[in-house]
Amino acid sequence: MSLNIDTRAVHAGDRKKPGAAVPVTTPIYSAASYIYDETAVLDRVFGKEIAGDSYARYENPTNRALEEQLLALEGGAGAMACASGMIALQFALQAALLDRRKSVLAASALYGATINLLRNVFEPMGVEVTLVDICDLEAVAQAIQEARPGCVLMETISNPLLRVGAMDRIAEMAREAGAALVVDNTFATPMMARPLELGANLVVHSLTKYLSGHGDVLGGVIVSDEGHLDTIRTLGRTAGPLLGPFEAYLTMRGVKTFPLRFRRQCGNARQVAAWLESHPRVARVNYPAAADHPDRDVIRRLFPADLHGAMISFEIKDCGKPEIFAFMDRLRLVVRATSLGDVHTMMLYPAISSHREIAPKQRERMGIRDNLVRLSTGIESVEDIVADLEQAL
Ligand SMILES: *Cc1c(COP(=O)(O)O)cnc(C)c1O
């Protein structure tokens with residue numbers, strides 16, 4: 001039976017049968033290790049001849065249920081739920097590079113900590129890192145020729161300017177060059193894009209954001225194609241990046257309502273973006289549904305017609321840092337905090353947070369000006385979100 005994403009989110013992973021009765025939802029398995037009646041069976045579990053739990057660094061049933069649920073949304077051969085989005089990214093990159101050239105071609109517009117991961121963890125280990133404008137296909141083709149990367153890394157929707165690269169074309173180019181494509185799909189979610197279907201090899205999410213959705217859990221996931229799954233599992237068993245069972249339980253609970261929440265959040269974003277467009281204090285709005293969006297053709301090709309994400313960034317006229325601070329301090333409902341994707345609407349100021357480490361001149365060149373703020377719309381009534389922005393502007 002082929003089920004819709006709303007249905008899969010609610011049912012997948014749950015109701016495994018531990019005995020005569022089946023729990024309706026998956027319990028929290030906090031045990032560090034597992035007993036078998038016969039040691040010969042444990043021997044076969046350790047030997048990976050049969051599936052079974054033995055030690056919590058390898059896997060645990062709560063995590064496994066979450067992985068099954070996430071796999072049902074994203075597609076792919078297998079998933080590994082991790083303690084954070086960043087550790088998921090680190091392991092995905094390691095798996096991609098394991099038997100390839102130690103060179104990463106990455107989108108220049110990436111989540112700040114991802115740039116730090118490349119610069120502070122991978123480069124010192126001898127991995128070459130090259131950055132490219134992922135929305136410029138000619139530049140990507142040339143960079144692939146020059147850098148001969150073992151791995152290409154991109155985000156489906158960039159932060160905070162919400163640009164969208166032609167993932168299907170980039171996957172083709174990466175494959176021809178023998179490179180793995182790793183995609184951070186956090187902003188788009190599997191409701192808007194399933195990168196494995198578009199040719200990516202490894203997909204990463206910060207579960208902290210839309211998928212768990214309530215601002216109460218930190219987590220990440222790697223969803224892998226067949227070719228990288230064994231490597232991911234082996235790296236995972238060795239180093240133990242797994243999400244804990246309590247967090248896995250909370251995330252699973254969150255994911256059940258993710259499709260509902262995300263549709264509402266996207267609908268709210270569309271209305272808020274339209275309202276901001278017509279506001280006299282607003283100089284510019286970045287939102288993927290805009291008719292003049294620089295990547296509109298790619299957006300039309302890759303995303304569903306009715307979903308354009310729930311992230312907006314906008315510039316406020318004649319504002320420097322002090323005026324932006326004052327504007328943000330006037331917000332009463334919108335939560336002024338880092339992160340995104342929660343049920344509550346959130347605002348972040350890239351110049352002091354996600355893009356703080358980047359020199360102001362460089363930021364300016366990237367198009368991230370001191371009057372730019374980023375909004376993640378929640379599930380509140382859109383009138384209340386707009387009213388709060390209105391009184392603060
Ligand atoms: C938050 C985020 C991450 C990092 O995830 P954590 O759960 O904070 O480790 C990576 N990529 C993107 C796009 C994010 O928004």
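Residues numbered from 1 in each chain as written. Predicted model: local features only at pLDDT ≥ 70, side-chain atom pairs only at ≥ 80, totals over all residues. Heavy atoms only, no water.

(A) How the structure looks around the domain arrangement of the protein chain. In terms of domains, the protein chain is made up of domain 1 (63–255) and domain 2 (258–392). Between domain 1 and domain 2, the C-alpha centre-to-centre distance is 24 Å. Summing the contributions of domain 1 and of domain 2, the shared interface buries around 3,000 Å²; its carbon and sulfur component is 66%. When the buried surface of domain 1 facing domain 2 is broken down by residue, Met191, Met192 and Tyr210 rank first, second and third, together holding 27% of it. At the boundary of domain 1 with domain 2, the tally comes to two salt bridges. Inspection of the region where domain 1 meets domain 2 yields 13 residue pairs in polar contact (both at pLDDT 80 or more). Taken together, the elements giving at least two residues each to the side of domain 1 that touches domain 2 come down to α7 (167–176), α8 (189–192) and α10 (245–256). Top element by residues in the side of domain 1 that touches domain 2 is α8. It accounts for four residues. Grouping the constituent residues of the side of domain 1 that touches domain 2 by class yields 20 nonpolar, twelve polar and four charged. (Domains from an automatic or database assignment. Buried area = accessible area lost by both parts, 1.4 Å probe. Salt bridge = Lys/Arg side-chain N within 4 Å of Asp/Glu carboxyl O. Polar contact = N/O pair within 3.5 Å; in protein donor to acceptor, adjacent residues only side chain to side chain. Helix = DSSP H or I, 4+ residues; strand = E, 2+ residues; numbered from the N terminus. Nonpolar A, V, L, I, M, F, W, Y, C, P; charged D, E, K, R; others polar.)

(B) Structural detail: the pattern of salt bridges. Overall, the coordinates contain 16 salt bridges when judged by the stated rule. A salt bridge links Asp295 to Arg163; its shortest N-O distance comes to 2.6 Å. You can see Asp295 sitting in the loop between β8 (282–286) and α12 (296–302) and its partner Arg163 sitting in the loop between β4 (151–155) and α7, a full 132 residues away along the chain. Arg163 sits in the partly exposed class, given a relative accessible area of 28%. Taking the shortest distance from any N to any O, the salt bridge between Arg301 and Asp168 comes out at 2.8 Å. Of this pair, Arg301 sits in helix α12 while Asp168 sits in helix α7; the two residues are 133 residues apart in sequence, bridging distant segments of the chain. A residue is classified by how much of its surface remains accessible, and Arg301, at 37% relative accessible area, is partly exposed. For Asp168, a relative accessible area of 18% translates into the label buried. Each of Asp53, Glu59 and Arg64 takes part in a single network of salt bridges with overlapping partners. (Buried < 20%, exposed > 50% of the residue type's maximum accessible area, 1.4 Å probe, protein only.)

(C) Representation of the pairing of strand β6 (residues 202–206). In terms of residue burial, β6 counts as a mostly covered element, since five of its five residues are buried. Residues Leu202, Val204 and Ser206 line one face of β6 and the alternating positions Val203 and His205 line the opposite face, and both faces are buried. Pairing of strand β5 (residues 180–184) with β6, which is carried by three bridges, proceeds in the parallel orientation. Paired with Val182 across the two strands is Leu202, which belongs to β6. As judged from the five bridges shared by β6 and strand β7 (residues 220–224), these two strands associate in the antiparallel manner. (Pairing = 2+ DSSP bridges.)

(D) Representation of the nonpolar core. Membership of the largest hydrophobic core comes to 112 residues, with the highest contact counts inside it found for Leu181, Ile222, Ile312, Phe314, Phe327 and Met347. Here this core spans two domains, and each of domain 1 (63–255) and domain 2 (258–392) adds at least three residues to it. (Core = buried A, V, L, I, M, F, W, Y, C linked by side-chain atoms within 4.5 Å.)

(E) Structural view of α10. Taking 1.5 Å per residue, twelve residues should reach 16 Å; α10 reaches 17 Å between its end C-alpha atoms and fits that length. Restricting attention to buried positions, one finds in α10 the residues Pro245, Ala248, Thr251, Met252, Gly254 and Val255. In the core, the buried residues of α10 are packed alongside α1 (5–11), α3 (61–74) and α11 (258–277). (Expected span 1.5 Å × (residues − 1). Contact = heavy atoms within 4.5 Å.)

(F) Summary view of the site of the ligand. Around the ligand lies a shell of 13 residues, among which Gly85, Asp184, Ser206, Thr208 and Lys209 are the nearest. One of the backbone N or O atoms of Gly85 is found 2.9 Å from an oxygen atom in the ligand. Within the backbone of Met86, an N or O atom sits 2.9 Å from an oxygen atom of the ligand. Alone, the ligand offers 380 Å² of accessible surface; in the complex the protein occludes 93% of this. (Near = heavy atom within 4 Å. Areas by Shrake-Rupley, 256 points an atom, 1.4 Å probe, with all protein chains shown as cover.)

(G) Here's a closer look at the environment of Ala305. Tracing the backbone through its elements, the reader meets Ala305 in the loop between α12 and β9 (311–316). Taking C-alpha positions, Ala305 is 9.1 Å from Ala289, a pair spaced 16 residues apart along the chain.

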